Amino acid sequence: MPKARISGTGFFVPPKVMTNNDLSQLMDTSDEWIQERTGVKERRWAKPNTGNTTSEMGVKAAKIAIEDANIKQDDIDFLIFATLSPDYYFPGPGVLVQELLGLDTIGALDVRAQCSGFVYALSIADQYIKTGMYKNILVIGSEYQSYGID
């Protein structure tokens, strides 16, 4: 039976950092209050129309992961995209990434299971690899929450 393994990873975040102190200037909160309840010190903020939609950020990370895995884009057989915040509800981000990367003839699956979505996506990829259905699966987890926050 084939075994699944993670052969490459990639990471991308927008450059703008929003700290808890920044938030305290906009609303009645404090760094201490946020950290005590969530452990979060800072988050990234993606401005609209800057090339940082859910799909675009996924593509940027995917390109790094493909290089890290030392494979070519053409070696990818299947794509699984996990997100709570798709660019559109239809079509899903999986097919948008497929088009942006030029992966014309492979399947693309979206997983929308909130926080656990990426773990589910890895589990699905693992099963597809173990059954021999696919050899190289690109798994992407990407979120763009900035647009949904006032």
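Residues numbered from 1 in each chain as written. Predicted model: local features only at pLDDT ≥ 70, side-chain atom pairs only at ≥ 80, totals over all residues. Heavy atoms only, no water.

A. Just the overall build of the chain, in detail. Broken down by element type, the chain carries five helices and five strands. Written out in order from the N terminus, the α and β elements of the chain read β-α-α-β-α-β-α-β-α-β. In terms of its C-alpha atoms, the chain occupies a principal-axis envelope of roughly 55 × 30 × 30 Å. Within the chain, buried positions represent 34% of all 150 residues. Once local pairs closer than 6 in sequence are excluded, the contacts in the chain between residues at least 24 apart make up 69%. Carbon and sulfur atoms form 53% of the exposed surface of the chain, whose accessible area is close to 9,700 Å². One finds the centroid of the 14 positive side-chain charges in the chain at a distance of 5 Å from the centroid of its 19 negative side-chain charges. (Helix = DSSP H or I, 4+ residues; strand = E, 2+ residues; numbered from the N terminus. Buried < 20%, exposed > 50% of the residue type's maximum accessible area, 1.4 Å probe, protein only. Contact = heavy atoms within 4.5 Å. Areas by Shrake-Rupley, 256 points an atom, 1.4 Å probe, with all protein chains shown as cover. Lys, Arg positive; Asp, Glu negative; His and termini not counted. Charge placed at Lys NZ, Arg CZ, Asp CG, Glu CD.)

B. Spatial organisation of the side chain of Ser85. Secondary-structure assignment places Ser85 in the loop between strand 3 (78–82) and helix 4 (93–101). For Ser85, a relative accessible area of 2% corresponds to the buried category. Separated by 2.7 Å, the side chains of Ser85 and Glu143 make a polar contact. (Polar contact = N/O pair within 3.5 Å; in protein donor to acceptor, adjacent residues only side chain to side chain.)

C. Inspection of the sheet that holds strand 5 (residues 137–141) at higher detail. If you walk across this open sheet you meet the three strands as 4-3-5, and the pairing is parallel. The open sheet is flanked by strand 4 (107–111) and strand 5, the only strands paired with a single partner. Averaged over all adjacent pairs, the angle separating strand axes in this sheet is 15 degrees, with direction ignored. Each of strand 3, strand 4 and strand 5 is contacted by helix 4, which is oriented at about 130 degrees to strand 3, the strand it contacts most. (Pairing = 2+ DSSP bridges. Axes fitted to C-alpha atoms, helices over the stretch in contact; angles between N-to-C directions.)

D. Inspection of the pattern of salt bridges at higher detail. With the rule as written, the count across this model stands at three salt bridges. The salt bridge partner of Asp110 is Arg112, with a shortest N-O separation of 3.6 Å. (Salt bridge = Lys/Arg side-chain N within 4 Å of Asp/Glu carboxyl O.)

E. Highlighting a nonpolar patch on the surface. On the surface, a cluster of nonpolar side chains totalling about 280 Å² of accessible area is made up of Ile6, Phe118 and Leu122. Note that Leu122 resides in helix 5 (residues 117–130). Judged by its relative accessible area of 32%, Leu122 is partly exposed. (Patch = residues over 30% accessible without salt bridge, like charges linked within 9 Å, V, L, I, M, F, W, Y side chains within 5 Å.)

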